[in-house]
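Structural characterization, general
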Amino acid sequence: MKIRFKKEQFPYFIILLFGLLILMIGLINHYYFKTATYDYANYNFAFWDYSHFRISPLTTFRGNFLQDHFSFTLMFFVPIFWMLNWLTGSYTLIIIQSAFILLAAWYSHKIIQLKTNNLWLSTGVLLYYFLLLGRYTSFAADVNLAILSACFIPIFLYYFQIRKYGIAAIILILSLFSRENIPLWFIFIFIVLIIENRRDKKSVWFCLSGIAVSIIYFVLLFKVFIPATQSPDAQYALFNYAALGAGPKEAFIFMISNPIETIKLFFENHLNDPGYNGLKKEFYLVYLISGGILLIFKPQYLIWFFPIVAQKVLNDAPVRWGIISYYAVEVITLLPLSVFLALASLKWKKAQITFSILACIGAITMTIYKMDINHCAVPWMMNPKKEKFYDNRFWEKPFDIKKVNKLLSLIPSDASVSSSNMFTPHLAQRQYIYFFPNVKDADYIVFSVSDDNYLYSQIINERYRFDYLSSPKWEIIAAEYPVFLLKRRNEESAQLNAPLNSIWSHTETQKFSFGDANSSYGNDQDSTIKPSVSVSESIQLKNDNENIAISLHGENSYSPFISIKDLEKINHLRIEVWQETQKKGAAFIVADNSNGFYRSSNVCDSIDSQGRERLVLSFWIPQNIGSDELKIALKNTTNELIHFGDITITKGYKRNN
């Protein structure tokens, strides 16, 4: 039996198709433990906290959620918490956000249908809404207030257009309370609406009242409400516009007094760091090609983009300037309406359809092109593992998901927990949750040995993990490599063996002596370092360099490499080498393979009586390292001479081998 779609069903088909896609991406990211402590664990903790009528400090912030963002949005959803959370748990906010995204899309469709009575245009705006790049890059942030607050705008605009001012006023109030930038945005939205409805006195008066309310609330926000929530150790830190001034008032004065300089800031890299050149240009080009150029038919719609573009490109954080993450979400939520309202102003119907098709083609072309990190101005800012759902990397699992979920189920729901980055979002709905290595009074610790706290270097994260794995005060109650679950021992049993002893079947230490000092890193196997004859001989670095094994001179010069080929049998490596130089921090131990795995360290953990330093690189071998060979070498990053002694490597062998 053939299934035939009537044209009236196309909008529902698009909503269903992309709704499932949006929901699937969010759920998979969380299920595969790709959501992060900052932001999603903070959101889950605040959501649980508000639902239990509490306002508590966040796990990764020096204050509570209101001190980070003055927003009541999560409080709006407290009833949904009690209706759904028993079933959906830490996935609840992802479901809510997905529903809001679809709601904004549907109201955009309703506005175009209302304005044009043209099914193809109103269907086109739906399709265009879901094809824009920012709809997918925003998944890097999991759940965010900017995404949720932007969704109120099409809903407000619809009820304004049908002259249901009471409902529009309620949506306006909810919007103003949703995020601190919304009042400023609404001032410009109302200006556009006044231009569009200048012959309707009731609409104009509603807009003028809306402007007054928005201005008053914006002033109260920054003069009364935000200062009232701050404490000496938790100050509001989201006004980062040093080029404009110290606060909104100073910024406004600067922009009025220096219009030419302000315009330049919209396009120039005002931080004078050439590494971020091109980010602003990339943002403008992507969204002009994606259909924004069509606003030439209705240039007044550019007005309501001014505050949201200004907050992007004038910010001190370059990460906000371009196309990554959720930093264009306000633009891509309002752009579909703006473009298709502009097309609706065209009298020639064929032109409307033609330009709408071109807009959709431009949007999907830019989305596919820029989702490839090789085509981005700053490639490292993109996150294809969370955004590019048609890429194999999106579907990579960090470990056995079912077994790790079973491990996490051993943690009581009311227990205090310290967990690493990928686990905190799953465990944050409780009274006490800490971001490892912050442990405090936690009864349980759970971490993946390949999951670093982004506030610290890899080697510091490694040190903290070993501190707890080596402590007799903790015991490993479950493990699914690379994940370990530790439980605090009571005082009576605290003298038992350290849990680290139970991880490996055995460890093996080898010393390697360097051969030809002129060999270069990455040469053929003849340059591979051979094990020394006397493995037990201690390292002695004398002033006359009698026992110096190798000297490196010249910036970015490398030693010969050691090839580690038994990776399937081991899960941990510790590399140590003594080095002698006048330039601190210039010497590195490097480990890499041909599949993108890379670790390096210039960390010194010991200094001998003659001032020579011992460098250490310690790391666990990922399950998906993707190669059966790992190369270890030494690196000199300066032009000064560095002397290295023999290198010592300790391998931890898996217990199941």
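Described below are features of the structure shown in this document.

Cut-offs used in this document
- Residues numbered from 1 in each chain as written.
- Predicted model: local features only at pLDDT ≥ 70, side-chain atom pairs only at ≥ 80, totals over all residues.
- Heavy atoms only, no water.
- Helix = DSSP H or I, 4+ residues; strand = E, 2+ residues; numbered from the N terminus.
- Buried < 20%, exposed > 50% of the residue type's maximum accessible area, 1.4 Å probe, protein only.
- Contact = heavy atoms within 4.5 Å.
- Areas by Shrake-Rupley, 256 points an atom, 1.4 Å probe, with all protein chains shown as cover.
- 1 Å grid on protein atoms, 1.4 Å probe; cavity = no way out; pocket = protein on both sides within 12 Å on 5 of 7 lines; lining within 4 Å.
- Points joined across faces, edges and corners; volume = space filled by probe spheres on them.
- Pairing = 2+ DSSP bridges.
- Axes fitted to C-alpha atoms, helices over the stretch in contact; angles between N-to-C directions.
- Polar contact = N/O pair within 3.5 Å; in protein donor to acceptor, adjacent residues only side chain to side chain.

The subject of this paragraph is the overall build of the protein chain. A tally of regular secondary structure across the protein chain gives 23 helices and 17 strands. For the protein chain, the proportion of its 657 residues judged to be buried stands at 55%. Taking all contacts inside the protein chain whose residues are at least 6 apart in sequence as the whole, residues at least 24 apart take part in 75%. Accessible area of the protein chain: about 29800 Å², with a carbon and sulfur share of 58%.

Counted by the stated rule, this structure contains four cavities of 30 Å³ or more. Each pocket or cavity is described by its volume, and for the largest cavity that value is around 70 Å³. Together, Ile-22, Gly-26, Asn-29, Thr-35, Ile-94, Gln-97, Ser-98, Ile-101, Phe-139 and Asp-142 line the largest cavity. If you list the elements that add at least two residues to the lining of the largest cavity, you get α1 (10–31) and α6 (92–116). In terms of residues, the lining of the largest cavity owes the most to one element, α6, which gives four residues.

As a further point, take the sheet that holds strand β2 (residues 433–435). Spatially, the five strands line up as an open sheet ordered β2-β1-β3-β5-β4, and their pairing is mixed. On the outer flanks of this sheet lie β2 and β4 (474–480), each paired with one strand and no other. On average, each strand axis in the sheet is inclined to that of its neighbour by 20 degrees, with strand direction left out of account. Sheet analysis places β4 next to strand β5 (residues 483–488), joined by six bridges and oriented antiparallel. Bridging from a neighbouring strand, Trp-474 pairs with Arg-488 of β5. Each of β3 (444–448), β4 and β5 is contacted by helix α21 (residues 401–408), which is oriented at about 150 degrees to β4, the strand it contacts most.

Summarising the sheet, strand β12 (residues 587–592) and strand β13 (residues 598–601) pair through four bridges and their orientation is antiparallel. If you follow Ile-589 over to β13, its bridge partner there is Ser-601. Turn length for the β12-β13 hairpin, with the two strands adjacent in sequence and antiparallel, is five residues, and the turn residue Gly-596 shows positive phi of about 100 degrees.

The next subject is the environment of Ser-409. For Ser-409, the position within the fold is in the loop between α21 and β1 (417–419). Exposure remark for Ser-409: the relative accessible area of 54% places this residue in the exposed category. A distance of 2.5 Å separates a polar side-chain atom of Ser-409 from the backbone oxygen of Lys-406.

Before going further, it helps to examine the side chain of Ser-108. Tracing the backbone through its elements, the reader meets Ser-108 in helix α6. Among residues more than four places away in sequence, those in contact with Ser-108 are Val-125, Tyr-129, Pro-154 and Leu-337.

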